[in-house]
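Observations on the model geometry
The primary structure of each chain is shown beneath.
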Amino acid sequence: MLRIAVPNKGSLSEPASQMLREAGYRQRRGGRELVLRDEANNVEFFFLRPRDIAVYVGSGTVDVGITGRDLLLDSGAVAVEHRALGFAGSTFRFAAPIGTCETLDDVSGKRIATAYDGLVRHYLERKGIVATVVHLDGAVESSVQLGVADMIADVVETGTTLRAAGLEVFEEPILRSEAVLIRQDGQEPEGLATLSRRLEGVLVARQYVMMDYDCRSEVLDEAAKITPGLQSPTVSSLHEDGWLAVRAMVRQNETNQVMDSLYDLGARGILVTPILACRI
Ligand SMILES: Nc1ncnc2c1ncn2[C@@H]1O[C@H](COP(=O)(O)OP(=O)(O)OP(=O)(O)O)[C@@H](O)[C@H]1O
Ligand SMILES: O=P(O)(O)OC[C@H]1O[C@H](OP(=O)(O)OP(=O)(O)O)[C@H](O)[C@@H]1O
Ligand SMILES: [Mg+2]
């Protein structure tokens, strides 16, 4: 059985379980089970703290896991990213009181509060900067007002938490993070390929819609340029002479622009349907 670690709490927990459900796996209903066997799919889920997952995977206690790229790099565990999962996107950045810092030079000699010491120390070392890292477990944004640090390095998504604390980001992001599937370095456990393909199927099904439309045969080449699909669009004939039915996958976030362009070209009966699952 493939042993898979899944976040039991926090920002990653619900979207990770949701993705696994969409990939056809059993997931727990409440938040209490620690282990769940899915016999039909030959996998076993272990619900663990997101921060600990890279450690379990690195030590080989579980085969693979879902965690954040930032947590993986912070852990220093001998685990590697197998595939990005497209949710829980965030940046990891320096932030300081508004108007006080602009560049990395302003970090030198300062106290930086963070819950990601490993990540920050490694970054400072790589940039040749000497500063003091102050470890905190969470709510790092409050540390500057409370006087234990001069600046912070933390997860930023919308920036709402920073603004509320009177802080602003400076310098380029230290890291762009998202949820990732990880495995032990140099290991490709049996069953990982199937899990990975299923998760890719969910990613693609989320990113694409199926589009159907009718158009006159003389505009088909133009229409195919607008909707090239993955391989190429499916074309079938209509009962009415000179008209064709076309079907292609379209990026979900481009749906309306594509429909506008097709309509301008003379296409009619443009239908959009969601894709529930797929294998590319
Ligand atoms: N607002 C957010 N938007 C996107 N991703 C986030 C956000 N907050 C945290 N994350 C991601 O979630 C992971 C950390 O999980 P989370 O914040 O739930 O755990 P934690 O902070 O270690 O635990 P807890 O919040 O229980 O102390 C990291 O990969 C981080 O990038
Ligand atoms: O840019 P924003 O959209 O405001 O999101 C970023 C915030 O979200 C996370 O906090 P979380 O809720 O996990 O609390 P924590 O600091 O206790 O982990 C993260 O640590 C930031 O504080
Ligand atoms: Mg958190």
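Residues numbered from 1 in each chain as written. Chains lettered and ligands numbered in written order. Predicted model: local features only at pLDDT ≥ 70, side-chain atom pairs only at ≥ 80, totals over all residues.

A few words now on the overall build of the chain. When helices and strands are tallied, the chain shows 8 helices and 15 strands. In terms of overall dimensions, the chain has C-alpha extents of about 75 × 50 × 35 Å along its principal axes. Within the chain, the fraction of its 280 residues that count as buried is 36%. If you take every contact in the chain between residues at least 6 apart in sequence, the share linking residues at least 24 apart comes to 67%. (Helix = DSSP H or I, 4+ residues; strand = E, 2+ residues; numbered from the N terminus. Buried ≥ 20, exposed ≤ 12 C-beta atoms within 10 Å, placed from the backbone. Contact = placed C-beta atoms within 7 Å.)

What follows covers the UniProt feature "domain: Histidine biosynthesis HisG C-terminal" (unreviewed entry) in the chain. Mapped onto this structure's residue numbering, the UniProt feature "domain: Histidine biosynthesis HisG C-terminal" (unreviewed entry) falls at residues 205-275. Secondary structure over residues 205-275 splits into 30% helix and 41% strand, and the C-alpha atoms at its two ends are 5 Å apart. (UniProt positions renumbered as here; feature names shortened; annotations may be inferred.)

In the vicinity of ligand 1, 15 residues are found, and the nearest of them are G10, S11, G68, S90 and E157. Per-class residue counts for the shell around ligand 1 are 5 nonpolar, 6 polar and 4 charged. No fewer than three residues from each of domain 1 (2-89 + 178-190) and domain 2 (91-176) sit in the shell around ligand 1. (Near = placed C-beta within 6 Å. Nonpolar A, V, L, I, M, F, W, Y, C, P; charged D, E, K, R; others polar. Domains from an automatic or database assignment.)

Along the chain, G68 falls in strand β4 (residues 64-68). Through-space distance from the C-alpha of G68 to that of T100 is 30 Å; in sequence the pair is 32 residues apart. Look past the residues within four positions of G68 in its chain and what remains in contact with it is L12, P50, A88, S177 and A179.

Taken together, the neighbourhood of ligand 2 is formed by 14 residues, with G138, E157, T158, T160 and T161 sitting nearest. Listing elements by their share of the shell around ligand 2, those giving two or more residues are β9 (151-156) and α5 (160-164). In the shell around ligand 2, the residues fall into 4 nonpolar, 7 polar and 3 charged.

It is worth spelling out the nonpolar core at this point. Within the largest apolar cluster, 76 residues are counted, with the highest numbers of intra-cluster contacts made by A54, V57, M151 and I152. When sequence neighbours within four positions are dropped, the list of residues in contact with A54 reads T67, L71, L72, S75, A77, A79 and I182. (Core = buried A, V, L, I, M, F, W, Y, C linked by C-beta atoms within 7 Å.)

The next point concerns helix α4 (residues 117-127). Taken as a whole, α4 has its buried residues at L119, V120 and L124. Buried residues of α4, viewed axially, fall in a sector of 125°; they line one side. Turned more than 90 degrees from where α4 packs its buried face, E125 and R126 sit exposed. Where α4 is buried, its residues contact α3 (69-75), β6 (90-97), β7 (111-114), β8 (132-135), β9 and β10 (167-177). Among the residues trailing α4, G128 stands out with phi positive, at a value near 70°. (Arc of directions from axis to C-beta.)

We now examine the UniProt feature "domain: ATP phosphoribosyltransferase catalytic" (unreviewed entry) in the chain. Feature annotation in UniProt places "domain: ATP phosphoribosyltransferase catalytic" (unreviewed entry) on residues 49-200, given in this structure's numbering. In this annotation, residues 49-200 is assigned 26% helix and 33% strand; the end-to-end C-alpha distance for the span is 24 Å.

A few words now on the sheet that holds strand β12 (residues 208-216). Strand order in the open sheet formed by 4 strands is β13-β14-β12-β15, with antiparallel pairing between adjacent strands. Each end of this open sheet is capped by a strand with a single partner; those strands are β13 (234-237) and β15 (268-274). For this sheet, the mean angle separating the axes of adjacent strands, direction not counted, is 20°. Across 5 bridges, the pairing between β12 and β15 is antiparallel. When the bridges of β15 are listed, D212 appears paired with L271. (Pairing = 2+ DSSP bridges. Axes fitted to C-alpha atoms, helices over the stretch in contact; angles between N-to-C directions.)

A sheet is described by the order of its strands in space; here 6 strands give the open sequence β2-β3-β1-β4-β11-β5, paired in mixed fashion. Each edge of the sheet is formed by a strand with only one pairing partner; in this case those strands are β2 (35-38) and β5 (79-84). Across the sheet, the mean angle separating the axes of adjacent strands is 30° when strand polarity is ignored. Most of the contacts of helix α1 (residues 13-22) go to strand β1 (residues 2-7), to which it runs at about 140°, and overall it touches β1, β4 and β11 (179-184).

Taken domain by domain, the chain holds domain 1 (2-89 + 178-190), domain 2 (91-176) and domain 3 (208-274). Computed from C-alpha atoms alone, the centre-to-centre distance between domain 2 and domain 3 is 49 Å.

Right, let's talk about the environment of R176 for a bit. Along the polypeptide, R176 turns up in strand β10. Since 12 C-beta atoms lie within 10 Å of it, R176 is described here as exposed. Distance from R176 to R69, taken between C-alpha atoms, is 8.2 Å for residues 107 residues apart in sequence.

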